[in-house]
Amino acid sequence: MPTVQVIGIEKSFLRTRALAGVTFDAGAGITGLLGPNGAGKTTLLRMMATVLAPDAGQLRLLGWDPGKADERLAIRRRLGYMPQEPGFHRNFTAFEFVDYVAILKEMVDRRARHDEVRRVLELVGLEGVAGRKIKALSGGMRRRVALGQALLGDPDLLVLDEPTAGLDPEQRLRFREIVSERSADRTVILSTHQTEDVAALCPRVVVMNDGRTLFDGTPAELTDVARGRVWLAPERAPEAHLSWRTGDGRHRNIGTAPSGADVIEPTVEDGYLLLVGSKAFDEEAA
Amino acid sequence: MTTTWHADTALLTRYASGELDQARAYSLEAHLLACDTCRAGVAAVSDHAQLDRMWAEVAEAVDAPRTGVVERGLVRLGVSDHVARLLAATPSLRLSWLGAEALALGFAVVAANSAITERGRSLGTFLFLVVAALLPVGGVAAAYGPGLDPTYEVSLASPMRSFGLLMTRAAAVLGTSTVLAGVAALSLPGMGWTTVAWLLPSLGLTLASLALATRVRPLVAAGSVTFAWAAVSVILAHASHDRFEIFRGGGQAAFLVIIALSTIVIARRREAFEQGVRE
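The shown structure was predicted, so the numbers you read here are calculated from the model rather than taken from an experiment.

Reading guide: rules and limits
Residues numbered from 1 in each chain as written. Chains lettered and ligands numbered in written order. Predicted model: local features only at pLDDT ≥ 70, side-chain atom pairs only at ≥ 80, totals over all residues. Helix = DSSP H or I, 4+ residues; strand = E, 2+ residues; numbered from the N terminus. Contact = placed C-beta atoms within 7 Å. Nonpolar A, V, L, I, M, F, W, Y, C, P; charged D, E, K, R; others polar. Domains from an automatic or database assignment. Pairing = 2+ DSSP bridges. Axes fitted to C-alpha atoms, helices over the stretch in contact; angles between N-to-C directions. Core = buried A, V, L, I, M, F, W, Y, C linked by C-beta atoms within 7 Å. Buried ≥ 20, exposed ≤ 12 C-beta atoms within 10 Å, placed from the backbone. Parallel < 35°, antiparallel > 145°, perpendicular 65-115°, else oblique. Left-handed = near helix turned anticlockwise from the far one by under 90°. Expected span 1.5 Å × (residues − 1).

J.: Kindly report on the overall build of chain B, identifying the contributing residues and their values.
T.: In terms of regular secondary structure, chain B is built from 13 helices and zero strands. Along chain B, helices (α) and strands (β) appear in the sequence α-α-α-α-α-α-α-α-α-α-α-α-α when read from the amino end. Here the C-alpha coordinates of chain B stretch approximately 100 × 45 × 30 Å along the principal axes. Long-range pairs, those at least 24 residues apart, make up 72% of the contacts in chain B between residues at least 6 apart in sequence.

Listed below in structure tokens is the structure:
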């Protein structure tokens, strides 16, 4: 039973078309939205967080229509949202900020609320800096504060926009642990352009580019897109759509492999790069 | 250490339930420190749920973070702790914002008082009235909405109604602006009707801005109202033989109409504040 249904969603900002008819659905578990910058991921996630309305198409979240006032409120009561660029009241401490969001989430009883704030700060490993002002925290710590506020109340729908951006490898592992523990019976939608996040976390992946859905399947199926189309050669092959020099001096080529090529096992990243082409490649290389 | 006597169950029960008088309770506590058997007896007759609640209260009192000056002040004034936290997060209730408002009013008051001629004092007073009426418009626009509240989207995605949050903050901003302008008005030359002439325009412009914000972004609404107010007040001041025409009876009546109409629009279109970012 899908808990998120996206049907032909369109959205334009002035003359720029951000979404051009995106369709997919998602159920319990983690669904990764993968795509280069400008693919429309953030626009779609803001709609799933009920802060932006589509121009056309249908959206149903946890069985409700966010376009209707009472249903939107029901969604918001079961939603956790981490924006791509979370803003903070920088003079608040980490505790005060998460406490502030807990109040917005209708947690009025002071003691129960404080218990919940302590719980999520501990979850994201910030219990030791709870009393420190946000402006004194590092970028990675701030992102963990933002993740902590999204986890308040153990929401049924968790919408995370680029949650691993700015996290070091250890923090990224901790993030994966936190999110995967909560995904068994809850819906988690996260956007990323890190293919390793998708490979490590998401049983389901949706690839977007230019406001459209290019792929919808499992990471293994995304890997299969590049099966037989990745090979190593001493130099860039003319048949390759994409090619780069690897650490051992050989070129990793992606495209239509010539006969006799040294074809290797593809990765999720190969499948993704083949799908979105040079635009994503340029960004990955940057 | 060994003891030669033990408290009976009835005594321990009365102690655990807080019914023992102070002298006997102290005596028993001294004994409990040294007697394992009686301590076990107290544990057996104690209400554990009540102890858990008390322990949680102690932990909360010791562990709760110390709040900021503004929040503590609001709580002392009787504001509940969660409303105090919501107000403390209001950009236009920060000291820097209030300082800027005080500065703007201060300039107008100085202009009115330092003028040598009657015409100069009149011009300064007029400037004060125009500025005082505008103060809460900017403050309310900055209180909650896209652009100036850094947590706007997280707030919008939460179940707390944005309309309620906006109105709470708007009331606080209006209150602080009114106090500031009221205090500054006491310094105007001559304690006439001008001391309070900005009150209705101030409320009218703020509500008009909020009504417009149901259609466009709050900052655009505030900008439009500010421009319209500045243009109308200056044009009228030049066109009329009386510079204060807009602040007299006719103008005040017009603002009563604006207040009524804006209130109706805000009430009817309040759901617009919940719908999300208008882009």
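Still to come is the rest of the account.
J.: Please give an account of the overall build of chain A that cites residues and values.
T.: Along chain A, the regular secondary structure elements total ten helices and 13 strands. Counting contacts in chain A only where the partners sit at least 6 residues apart, residues at least 24 apart contribute 65% of the total.

J.: If you had to explain the interface of chain A and chain B to someone new, which residues and values would you point to?
T.: How big an interface is tends to be stated in terms of accessible area lost as the parts join. At the interface, 35 residues of chain A touch 25 residues of chain B. Elements with a contribution of two residues or more to the side of chain A that touches chain B: helix 2 (69-76), strand 5 (79-82), helix 3 (94-104) and helix 4 (110-123) of chain A. Of all the elements, helix 3 of chain A adds the most residues to the side of chain A that touches chain B, at seven residues. Classifying every residue of the side of chain A that touches chain B gives 19 nonpolar, seven polar and nine charged.

J.: I'd like to hear about the domain arrangement of chain B, residue by residue, with values.
T.: Segmenting chain B into domains produces domain 1 (9-64) and domain 2 (70-274). On a C-alpha basis, the centres of domain 1 of chain B and domain 2 of chain B stand 57 Å from each other.

J.: With reference to specific residues and values, describe the pairing of strand 9 (residues 212-217) of chain A.
T.: All names here are of chain A. Taken together, the five bridges between strand 8 (residues 204-209) and strand 9 define a ladder with antiparallel strand orientation. Looking at the pairing, asparagine 209 lines up with arginine 212 of strand 9. Linking strand 8 to strand 9, which pair antiparallel, is a turn of two residues; within it aspartate 210 sits at a positive phi near 50 degrees.

J.: Could you give me a rundown of the sheet that holds strand 4 (residues 56-61) of chain A, with the residues and numbers involved?
T.: Residue and element names in this part refer to chain A. The antiparallel open sheet is built from three strands, whose spatial order is 2-1-4. Sheet topology places strand 2 (16-26) and strand 4 at the edges, where each strand pairs with a single neighbour. Each adjacent strand pair in this sheet contributes to an overall mean axis angle of 25 degrees, direction not counted. Pairing analysis gives eight bridges linking strand 1 (residues 4-13) to strand 2, with the strands arranged antiparallel. Within strand 2, the residue paired with valine 4 across the bridge is alanine 26.

J.: Can you break down the domain arrangement of chain A residue by residue, with the values?
T.: Residues and elements named next belong to chain A. Domain assignment breaks chain A into domain 1 (1-78 + 156-213), domain 2 (86-154) and domain 3 (223-285). Centre-to-centre separation of domain 1 and domain 3, based on C-alpha positions: 28 Å. With ten residues of domain 1 at the interface, the matching set in domain 3 holds eight residues. When residues of the side of domain 1 that touches domain 3 are assigned to their parent elements, the largest contribution, three residues, is made by helix 7 (residues 195-201). Broken down by class, the residue content of the side of domain 1 that touches domain 3 amounts to five nonpolar, five polar and no charged.

J.: Residues and numbers for the nonpolar core, please.
T.: Here is a general trend for soluble globular proteins: nonpolar side chains tend to be buried in one another's company. Judged by nonpolar contacts, the single largest core of 132 residues is most densely connected at Ala94, Val98, Leu121 and Val159 of chain A together with Ala132 of chain B. For this core, the leading source of residues is helix 8 (residues 118-141) of chain B, giving ten residues. Here valine 98 of chain A is in contact with Val117, Val120, Leu121, Val145, Gly148, Gln149 and Leu152 of chain A, once residues within four sequence places are set aside.

J.: Before we move on, could you go through unusual backbone geometry and cite the residues and values that matter?
T.: All names here are of chain A. The phi dihedral of aspartate 154 falls on the positive side, at around 50 degrees, and the residue is not glycine. Relative to the helices and strands, aspartate 154 is located in the loop between helix 5 (139-151) and strand 6 (157-161). A count of 13 C-beta atoms within 10 Å places aspartate 154 in the partly exposed class. The phi torsion at glutamate 162 lies on the positive side, around 50 degrees, for a residue other than glycine. Within the secondary structure layout, glutamate 162 lies in the loop between strand 6 and helix 6 (169-181). Among the residues examined, glutamate 162 registers 22 C-beta atoms within 10 Å and is labelled buried.

J.: A description of the packing of helix 8 of chain B against helix 10 (residues 162-185) of chain B should follow, citing residues and the corresponding values.
T.: Each pair of packed helices can be described by the angle between their axes along with the distance between the axes. Residues and elements named next belong to chain B. Packing of helix 8 against helix 10 brings their axes to within 9 Å, and their N-to-C directions diverge by 155 degrees. On the basis of their axis angle, the class for helix 8 and helix 10 is roughly antiparallel. The handedness of the crossing between helix 8 and helix 10 is right-handed. Each of Ala132, Leu135, Pro136, Gly139 and Val140 in helix 8 lies in contact with helix 10, whose residues at this interface are Ala170, Val173, Leu174, Ser177, Ala181 and Ala185. Residues belonging to the contact of helix 8 with helix 10 are distributed by class as follows: nine nonpolar, two polar and no charged.

J.: Quick one: what's the story with helix 12 (residues 218-239) of chain B, residue by residue and with numbers?
T.: Counted at 1.5 Å a residue, the expected span for helix 12 of chain B with its 22 residues is 32 Å, and the 31 Å between its end C-alpha atoms agrees. On its buried face, helix 12 of chain B is in contact with helix 8 and helix 11 (199-212) of chain B.

J.: Account for the sheet that holds strand 12 (residues 251-255) of chain A, with residues named and values stated.
T.: Residue and element names in this part refer to chain A. Taken together, four strands build an open sheet; the order of strands is 11-12-10-13 and the sheet is antiparallel. Of all strands in the sheet, those with a lone pairing partner are strand 11 (240-245) and strand 13 (262-263), marking the two edges. The sheet contact formed by strand 10 (residues 230-233) and strand 13 spans two bridges and is antiparallel. Directly across from tryptophan 231, in strand 13, lies its bridge partner valine 263. Seen against the sheet, helix 9 (residues 268-276) touches strand 10, strand 11 and strand 12 and runs at an angle of roughly 50 degrees to strand 12.

J.: Residue-level account of the pairing of strand 3 (residues 29-34) of chain A, with values.
T.: In regular strands, side chains alternate between the two faces of the sheet. Residues and elements named next belong to chain A. A large share of strand 3 lies buried, amounting to five of its six residues. Direction of pairing for strand 3 relative to strand 7 (residues 187-192): parallel, over a ladder of six bridges. Within strand 7, the position partnered with isoleucine 30 by the bridge is valine 188. Across four bridges, the pairing between strand 3 and strand 8 is parallel. Its bridge partner lying in strand 8, leucine 33 is registered against valine 206.

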